[in-house]
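# Structural overview for review
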There are 2 protein chains.
Amino acid sequence: MDRRNFIKKTAMATGAVAATTLAAPAVVSAKTQWIAVSAFGKAGLLGQALGEFAKFVGTASGGRLTIKVYHAGELVKPLEAMDAVLSGTAQMGYGAPYYWAGKSDAISFVAAMPYGLTAQEQNAWLYYGGGIAEADKIYNGLGLKFLPMGNTGNQMGGWYRKEVKSVADLKGLKFRMPGLGGEILKTFGVNVVLLPGKEVLPALTTGAIDGTEWIGPAADLGKGLFRVCNNYYYPGWHEPATILDGFFDKKAWDALPPDLREIVERAAAATNLFILSKFQAINNTAMQKLVREHHVKVRRYSDELINAIGAKAAEVLPELAAKSPEGKAIYKHITDFRRTMLDWSGYSERAFMEVRDKASL
Amino acid sequence: MDRRNFIKKTAMATGAVAATTLAAPAVVSAKTQWIAVSAFGKAGLLGQALGEFAKFVGTASGGRLTIKVYHAGELVKPLEAMDAVLSGTAQMGYGAPYYWAGKSDAISFVAAMPYGLTAQEQNAWLYYGGGIAEADKIYNGLGLKFLPMGNTGNQMGGWYRKEVKSVADLKGLKFRMPGLGGEILKTFGVNVVLLPGKEVLPALTTGAIDGTEWIGPAADLGKGLFRVCNNYYYPGWHEPATILDGFFDKKAWDALPPDLREIVERAAAATNLFILSKFQAINNTAMQKLVREHHVKVRRYSDELINAIGAKAAEVLPELAAKSPEGKAIYKHITDFRRTMLDWSGYSERAFMEVRDKASL
C-alpha cells in the first residue's frame, strides 16, 4: 500500500513557503486552529474519513479546536505530510506509519508486520496491550504524538501478470511491494520496486513491473489494476492489517487542554473503527465485480510459497528490527503480544470461522 | 451471557417510585441532564466503560449534556434497565439486546446469531451495511433509539461438568444457555435453563444444572466457574460475537441538538471499539491462568456436534425469525450480509489466520 522513501528531507522548503503564505496557527481567546496535512486524496474513503474527523472535532469542541484539512497535494505532496508537521507548517498529519520509513528504521513496524496481527488484534495491542505507548516512543523521538486513526484490515496478496506457484517463480520477478514484505521478497531474488501510486498502472502496462500489491478489492478495483493483471493472490501475508496514523506536533498536542485532547483521542478511535468497518463492508462487493465482470482469477498462494516466505520472515524481520533500539523494542513488544493472540484467536475467531459454514443460513 | 426473560413488565412500579425520588430530567438554560441505567455492575469492564463514556460526553459537550450513570442494582435491577427508559425514569439504558427479548421477538437477532457474524463483520454491518437502521426499526417500534456500544467478541462455547462428544450426550443435559443458541439446543433434548448470573455458580455446585455458557476466559475466570466445571468448550458457535446496546428514549434523543447527538454517537462508537479491544487483549491471559493454575481442559466441540447443531440452526433460526415481521426482516438482512462476509473473510481473516503460524516470530 505504501509509497515510502520518496521524500525525506526535501519538504522543508515547501513547508517554509507554505508557512509564510498561510496564517500561523493562532491561539486567540482559547480558540486553537490547527492545520492537518494528509497523505491521502480528498475523494477516497480515507480523505472523507479525515474530513469527518476534523468536522467532528470542531463541533464537539464548540469551535475551541478547529482543524483545517489539506488533502494530498493541496498543500504539500502526499509523502511530505510528516515533514510539514516537523517544520511547523501543520500541527497534524495523516497517513500510514511506513510512509515515514525515511524518518525512522522502526516506524514501519507500527503499520503492519508480515505474518503478524489482524486488525482486531492490533486494536487490542494498541489500546490495551501498551501499543500506543510503545509506538509513541518512536513518534515522541521525532517530536510527535501518535494516535491510531484507521485500519485497512487484511490486504490482498497482490496482482501478478503471470501465475506464481513456487519459490523458483519469484526469482527475477519485478514486483512493487514496499515495507517489510518487500524486504522479505528481496531475499528470494525478487527485484522489489518502489513506485508512487500513480505510476503503478503505467509501469504494469509497459511491463516495467510484473506485478504489484496494493490494498484490497475495494481500493484495487478503483485503481483499475485488473486491466493489466489477471491473477489476484491471497492471503495478504505481508499486511495482515495496516494501521493508519494520526500524528501531531508534540508541543501543539501538549499545549491542548485535557478535554480537547480527549475529544481528539475519542474522535480518532471512532475514525479508526469506521474506516476498518467500511473496508470490511465494501470489499466483497468489489471482489464480486472483479471476478464476475472483469474475470479476475482469485488464487491462493501455494503452501510452498507461504511456508518458504514465512520461514524467511522469521529470519529477516528480527534483522530489520535490530537496526535501531526502538525497532528491537517494538518488534519484541509486538511479537510477545502476537504469541498470546495465536492462542486466543485459535480458540475464537479462527476456530469459529472454520466451522460456521456448517450452518447454511 | 444473557439472563433474559426474567423481568418484563414488572419494572413499571419500581420506575415510578424512582421517578418521584429523583429529580425529573431538567432542561435548564440549554443544559440537558440524563439518567442512564445499566444491566452491568459498576466494577466490571462494562461498568467502567459506561462510566468513561458518560464522563466523556459531559466533557466534550462542555457540560451541556451530563449523564448520571446508575449501574446494575443502583436504581433498578439489571434486567429492568429498558423498563426504566420506557417509563421515563431514565433517558438512556445499557445492556445487551437479548436481555430485552421480552419486549420483542426480533431483538435477540441484533445481539448475536449462532453461526453468524464475527465482531469485525458486525461492525461492518452496523456502520456501513445498514445494520443500525435495521436494528432501529425494532428499537423505534418500542419508542427507543439504538446505538452499538460494545462487543464481547467471540465467546467460548461453555462449561460442562462432563465431556460432551456426540449428539447423544446432549439428550437430557441441563444446560444454561439463553438466547437463540438455547433455542437450538432444545431441539436436541437439552433441558435449557435460564438463570440470572448470580445463581449460576450455586446451581452448578448443587448439580441443578450440568453446565453453562457464560462469556469468555476473562469474564469466566472472575466468576469462578472452573471450581465446578472442568471442561471448557470452543468455538462459541452460539455467540460468534455479541453486540452491546446503548438505547435512548426516542423523544429525549430527538430533542437533542445535532451536535450533542453527534457527540453521543462518536462516543458510543469509541466505547464499542474499546470494549472489544479490551476483551481481546485480556482473554488470553485469563485462558492461560485457567489452564495452568486451575487445570481446566480446553476442548473443541466435535465435528459431529458442530455439524449437527449447524444443520439444526439453519432450520430453527428462520422459524424464530418468522415470529414477527421485524424478525423476518432483520434475519434476512443479517444473513444476506453474512453470505458476502463468508466470501470476503474466506480470502482475508480466515485465510490469513490459517497460515500465519508458518512464521515463527
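Residues numbered from 1 in each chain as written. Chains lettered and ligands numbered in written order. Predicted model: local features only at pLDDT ≥ 70, side-chain atom pairs only at ≥ 80, totals over all residues.

On to the nonpolar core. The biggest cluster of nonpolar side chains holds 251 residues, and the ones touching the most others in it are Ala-36 and Val-57 of chain A together with Ala-36 and Val-57 of chain B. Setting aside its immediate chain neighbours within four residues, Val-57 of chain A contacts Leu-65, Ile-67, Ile-263, Val-264 and Ala-267 of chain A. (Core = buried A, V, L, I, M, F, W, Y, C linked by C-beta atoms within 7 Å. Buried ≥ 20, exposed ≤ 12 C-beta atoms within 10 Å, placed from the backbone. Contact = placed C-beta atoms within 7 Å.)

To continue, consider the interface of chain B and chain A. Taken together, the 70 residues of chain B in the interface contact 71 residues of chain A. Elements with a minimum of two residues in the side of chain B that touches chain A: helix H2 (45–60), helix H5 (119–128), helix H12 (258–292), strand S12 (297–300), helix H13 (303–321), helix H14 (325–347) and helix H15 (349–355) of chain B. The dominant element in the side of chain B that touches chain A, judged by the number of residues it contributes, is H12 of chain B, at 19 residues. Tallied by class, the residues present in the side of chain B that touches chain A amount to 35 nonpolar, 22 polar and 13 charged. (Helix = DSSP H or I, 4+ residues; strand = E, 2+ residues; numbered from the N terminus. Nonpolar A, V, L, I, M, F, W, Y, C, P; charged D, E, K, R; others polar.)

So, on to the packing of helix H14 (residues 325–347) of chain A against H12 of chain B. At a minimum axis separation of 9 Å, H14 of chain A and H12 of chain B run at an interaxial angle of 80 degrees. Taken together, the axes of H14 of chain A and H12 of chain B lie roughly perpendicular to each other. Contacts from Thr-340, Met-341, Asp-343 and Trp-344 of chain A of H14 of chain A reach H12 of chain B at Asn-283, Asn-284, Thr-285 and Met-287 of chain B. Within the contact of H14 of chain A with H12 of chain B, the residues separate by chemical class into three nonpolar, four polar and one charged. (Axes fitted to C-alpha atoms, helices over the stretch in contact; angles between N-to-C directions. Parallel < 35°, antiparallel > 145°, perpendicular 65-115°, else oblique.)

All names here are of chain B. As paired elements, strand S6 (residues 158–160) and strand S10 (residues 231–234) share three bridges and run antiparallel to each other. Bridge pairing in S10 links Gly-158 to Tyr-233. Two strands pair when backbone bridges link them, and S10 and S12 are joined in this way by four bridges, in the parallel orientation. Across the sheet, the residue bridging to Asn-231 is Lys-297, located in S12. (Pairing = 2+ DSSP bridges.)

Bringing the sheet that holds S12 of chain B into the picture now. Two pairing modes exist for strands in a sheet, parallel and antiparallel, and in both the strands are linked by backbone hydrogen bonds. Residue and element names in this part refer to chain B. The mixed open sheet is built from six strands, whose spatial order is S8-S7-S9-S6-S10-S12. Each having just a single partner strand, strand S8 (191–193) and S12 make up the two edges of the open sheet. Bridge analysis of S6 against strand S9 (residues 211–212) gives two bridges, and the strand direction is antiparallel. Bridge pairing links Tyr-160 to Gly-211 in S9.

The next subject is the relation of the copies chain B and chain A. Mapping chain B onto chain A calls for a rotation angle of 180 degrees and an axial translation of 0.0 Å; the resulting RMSD is 0.0 Å. Both chain copies can therefore be described as sitting about a two-fold axis. No C-alpha of chain B lies nearer the rotation axis than that of Ala-270 of chain B, which sits 2.4 Å from it. Here 100% of the interface residues in chain B have copies in chain A that are interface residues too; the copies meet face to matching face. (Least-squares fit on C-alpha atoms with pLDDT ≥ 70 in both.)

Turning next to the domain arrangement of chain A. When the parts of a complex come together, some accessible area is lost, and that lost area is often taken as the interface size. Residues and elements named next belong to chain A. The domains assigned to chain A are domain 1 (11–152 + 242–281) and domain 2 (158–239 + 284–358). Inter-centroid distance (C-alpha atoms) of domain 1 to domain 2 is 26 Å. Taken together, the 25 residues of domain 1 in the interface contact 28 residues of domain 2. Within the residue set of the side of domain 1 that touches domain 2, elements represented by two or more residues are helix H4 (108–111), helix H5 (119–128) and helix H6 (131–141). Its residues placed into classes, the side of domain 1 that touches domain 2 shows 13 nonpolar, eight polar and four charged. (Domains from an automatic or database assignment.)

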